[in-house]
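# Secondary and tertiary structure notes
The chain contents come next:
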Amino acid sequence: MSLQLNLDIQSFLSEAWQRQPRLIRGAFTHFNDLVEPEILAGLALEEGVDSRVIQNDNGTWQVSHGPFESYDEFGEDGWTLLVQSVNEWIPEVQQLIAPFRFLPDWRIDDVMISFATENGGVGPHLDQYDVFIIQGGGTRHWQVGERVNNATEFCPHPDLKQLKDSFEPIIDAVLEPGDMLYIPAGCPHNGVALEPSLNYSVGFRAPNTAELAAAVADSLSQLEVPLPRYRDAEAKSYGQPFAVSTAQLNHVREFLLSSLAQTDLSHAMLLVMSQSKRPLPQVEGLLQAEELAQMLEETAMLIVRTPGARILIGPNNMLYANGEAWPLTDNTQAFAEAIAELWDDQPLATLAPLLQHQESMVLCCDLVNASVLDIVVQQD
Ligand code: SIN
Ligand code: CO
């Protein structure tokens, strides 16, 4: 089943994306929740699942981290359970990302789902990433303001950042099931549940310079690419041994910037962009081409993109996934494109025409063995 997003994508991209908050009423017609609150609450009992409960007790904020044993202590109202990356744990939730694939796959972070009790919310705050918030069951009162520079933040609890001052809302609305907010990074917002409410946040990652530089540098050093090495500027004297002059600093900065400018970073960047948010699951046993050929003969097999896997094709004719790269050839190109496009589970047999060459069979096995794809028996 695919979800239909009612949005004029052209005007959204030219007027709103990364600029202006938007309220899109009826973004999803007849929206049915993708999880029940009980299932979400059950997921947050599990080890390895990133979850929090944020509680507002008459202005006193508490944050508790999962895994939880029970929710009894939180009482009837005034709290929210937030669970990160639910798309990786509950594959049905992955389908909520598909309508947003008019944006690049590598930018997608995850689907966070929150369940708020009456009056539950996380307080007025800013996020450093762009997010679409879809209202599921229940209703929630949202206020969203224009992007602010220099907003003062404070921590009412060590694990919670909120805005110190109130903001002028340009969206002030009660969201009903299927309505959606788009909130660009840096826009203040606050949502308070009017009744038990589920919200789905499709978030986009936006690494800052340090995060991106660190990841690309890490990738470059693993690739063992030959890189320029620092040399002092010629000088008759370097001055006092402990003193670093402005000229020396400029020389180091110049070295850093010019050697980065001279280095082809594309491959390292593509490896980083293809990394999944969390490690993909380990595979049991390695799939061989002969076994794949047998599977292709069977009708009940499905090919599945591992939730959270990013599959990208670079301008250098290489396929990237999970921080690994595969060169493409005329024999593998069409299969690679089909796999990169694949979102919903698909009968494996439909890929048979693209798997006629041994090279594409080997690529398919490699991707299964890297846990980027999975082949499963169709359940009725
Ligand atoms: C929530 O879903 O409770 C909070 C989402 C947000 O404001 O970022
Ligand atoms: Co937020």
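Residues numbered from 1 in each chain as written. Chains lettered and ligands numbered in written order. Predicted model: local features only at pLDDT ≥ 70, side-chain atom pairs only at ≥ 80, totals over all residues. Heavy atoms only, no water.

### Here's the deal with the overall build of the protein chain
As a reminder, the rule being used: Only DSSP runs of H or I reaching four residues or more are called helices, and only runs of E reaching two or more are called strands; each is numbered from the N terminus. Only protein chains enter the accessibility calculation, which uses a 1.4 Å probe; a residue is then buried when its area is under 20% of its type maximum, exposed when over 50%, and partly exposed in between. Contact criterion: two residues are considered in contact whenever any of their non-hydrogen atoms come within 4.5 Å of each other. For the purpose of counting charges, residues Lys and Arg are taken to be positive, whereas Asp and Glu are taken to be negative. His and the chain ends are not included. A charged residue contributes its charge at one atom only: NZ of Lys, CZ of Arg, CG of Asp or CD of Glu.
Of regular secondary structure, the protein chain possesses nine helices and 19 strands. Here the C-alpha coordinates of the protein chain stretch approximately 75 × 65 × 45 Å along the principal axes. Put simply, the protein chain has 380 residues, and 44% of those count as buried. When contacts within the protein chain are restricted to residue pairs at least 6 apart in sequence, long-range pairs at least 24 apart make up 81% of them. With 19 positive and 53 negative side-chain charges, the protein chain shows a separation of 14 Å between the mean positions of the two kinds.

### Brief notes about the nonpolar core
Rule in force here: Remark: nonpolar core denotes a set of buried residues (Ala, Val, Leu, Ile, Met, Phe, Trp, Tyr, Cys) joined through side-chain atoms within 4.5 Å.
The biggest cluster of nonpolar side chains holds 44 residues, and the ones touching the most others in it are Phe 28, Leu 81, Leu 96, Phe 132 and Tyr 200. Beyond its immediate chain neighbours, meaning those up to four positions away, Phe 28 contacts Leu 3, Gln 4, Leu 5, Asn 6, Leu 96, Pro 99, Phe 100, Ile 134, Gly 178 and Met 180. If you look at the next biggest cluster of nonpolar residues, it comprises 32 residues, including Ala 289, Trp 326, Leu 351 and Ala 370.

### Details of the packing of aromatic side chains
Here is the rule we go by: Two rings from Phe, Tyr or Trp (for Trp, the six-membered ring) form a pair when their centres are within 6.5 Å of each other. A pair whose planes differ by under 30 degrees is stacked, one over 60 is edge-to-face, and the rest are tilted.
Counted by the stated rule, this structure contains 20 aromatic pairs. Taking 5.5 Å as the distance between ring centres and 40° as the angle between the ring planes, the aromatic pair formed by Phe 68 and Tyr 71 counts as tilted. Residue classification places Phe 68 among the buried positions, given a relative accessible area of 7%. Summarising the aromatic geometry, the rings of Trp 79 and Phe 115 are spaced 6.3 Å apart at their centres and angled 75° between planes, so their arrangement reads as edge-to-face. Here Trp 79 is found in strand β4 (residues 79–83), whereas its partner Phe 115 is found in strand β5 (residues 108–116), with 36 residues between them in sequence. For Phe 115, a relative accessible area of 16% puts it in the buried group. Each member of the aromatic cluster is reached from another via a ring pair, and the members are Phe 12, Trp 17, Phe 28, Phe 31, Phe 100, Phe 102, Phe 132, Tyr 182, Tyr 200 and Phe 204.

### A word on the site of ligand 1
Rules: Nearness is defined per residue: one heavy atom within 4 Å of the molecule or strand is enough. Counted as a polar contact is a pair of N or O atoms within 3.5 Å, where, for protein atoms, one must be capable of donating a hydrogen and the other of accepting one, and residues adjacent in sequence contribute only when both atoms are in side chains. Accessible surface area values rest on a Shrake-Rupley calculation with a 1.4 Å probe, where residue burial reflects the displayed protein chains alone. Residues were grouped as follows: Ala, Val, Leu, Ile, Met, Phe, Trp, Tyr, Cys and Pro as nonpolar; Asp, Glu, Lys and Arg as charged; and all remaining residues, including Gly, as polar.
Every residue near ligand 1 is listed here: Thr 80, Leu 82, Met 112, Ser 114, His 125, Asp 127, Arg 140, Trp 142, His 189 and Asn 199. Here an oxygen atom of ligand 1 and a side-chain polar atom of His 125 are 3.2 Å apart. A distance of 2.8 Å separates an oxygen atom of ligand 1 from a polar side-chain atom of Arg 140. For ligand 1, whose accessible area on its own is 260 Å², the fraction buried by protein is 95%. When its residues are assigned to classes, the shell around ligand 1 shows three nonpolar, five polar and two charged.

### Focus: the domain arrangement of the protein chain
Here is the rule we go by: Domain segmentation is taken from an automatic or database assignment of domains. A quick way to say it: buried area is the sum, across both parts, of accessible area lost when two parts are put together, with a 1.4 Å probe.
The domain architecture assigned to the protein chain consists of domain 1 (9–204) and domain 2 (289–377). For domain 1 versus domain 2, the separation of C-alpha centres amounts to 34 Å. On the domain 2 side, the residues contacting the 12 residues of domain 1 number 11 residues. Across the interface of domain 1 and domain 2, roughly 890 Å² is buried in total on both sides, 53% from carbon and sulfur atoms.

### Regarding the sheet that holds strand β18 (residues 346–347)
Heads up, the condition is: Strand pairing requires that DSSP identify at least two bridges connecting the strands.
As summarised here, the arrangement of the three strands in space is β18-β14-β19, forming an open sheet in which the pairing is antiparallel. With partners counted over all chains shown, the strands left at the sheet margins are β18 and β19 (373–377), one partner each. As judged from the two bridges shared by strand β14 (residues 301–305) and β18, these two strands associate in the antiparallel manner. For Ile 303, the partnering residue across the bridge sits in β18 and is Gln 346.

### Here's the deal with the pairing of strand β17 (residues 324–327)
Pairing of strand β16 (residues 318–321) with β17, which is carried by four bridges, proceeds in the antiparallel orientation. Counted as the bridge partner of Leu 319 is Trp 326 from β17. Between the end of β16 and the start of β17, which pair antiparallel, lie two residues, with Asn 322 showing a positive phi angle near 50°.

### Regarding the coordination of the cobalt ion (ligand 2)
This is how the line gets drawn: Coordinating donors are taken to be N, O and S atoms lying within 2.8 Å of the metal, or within 3.2 Å when the metal is Na, K or Ca; because water is excluded from the atom set, some sites may appear incomplete.
Coordination of the cobalt ion (ligand 2) by the protein comes from His 125 (NE2), Asp 127 (OD) and His 189 (NE2), over a distance range of 2.0 to 2.1 Å. Spacing between the donor residues of the cobalt ion (ligand 2) along the chain follows H-x1-D-x61-H. The pair His 125 / Asp 127 is uniform in exposure class, with both members buried.

### Quick word on the state of the cysteines
The condition that has to hold: Cysteine sulfur atoms that come within 2.5 Å of each other are treated as a disulfide pair.
One pass over the full model with this rule turns up zero disulfides. Left without a disulfide partner, Cys 364 is nearest to the cysteine sulfur of Cys 365, which lies 5.9 Å away.

### Points about the pairing of strand β2 (residues 51–57)
In this structure, β2 lies alongside β4, joined through five bridges in antiparallel fashion. Note on β4: the bridge partner recorded for Arg 52 is Leu 82. With six bridges joining them, β2 and strand β3 (residues 60–65) adopt antiparallel strand pairing. If you follow Arg 52 over to β3, its bridge partner there is His 65. A loop of two residues connects β2 with β3, the two strands running antiparallel in sequence, and Asn 58 in this loop sits at a positive phi of about 50°.

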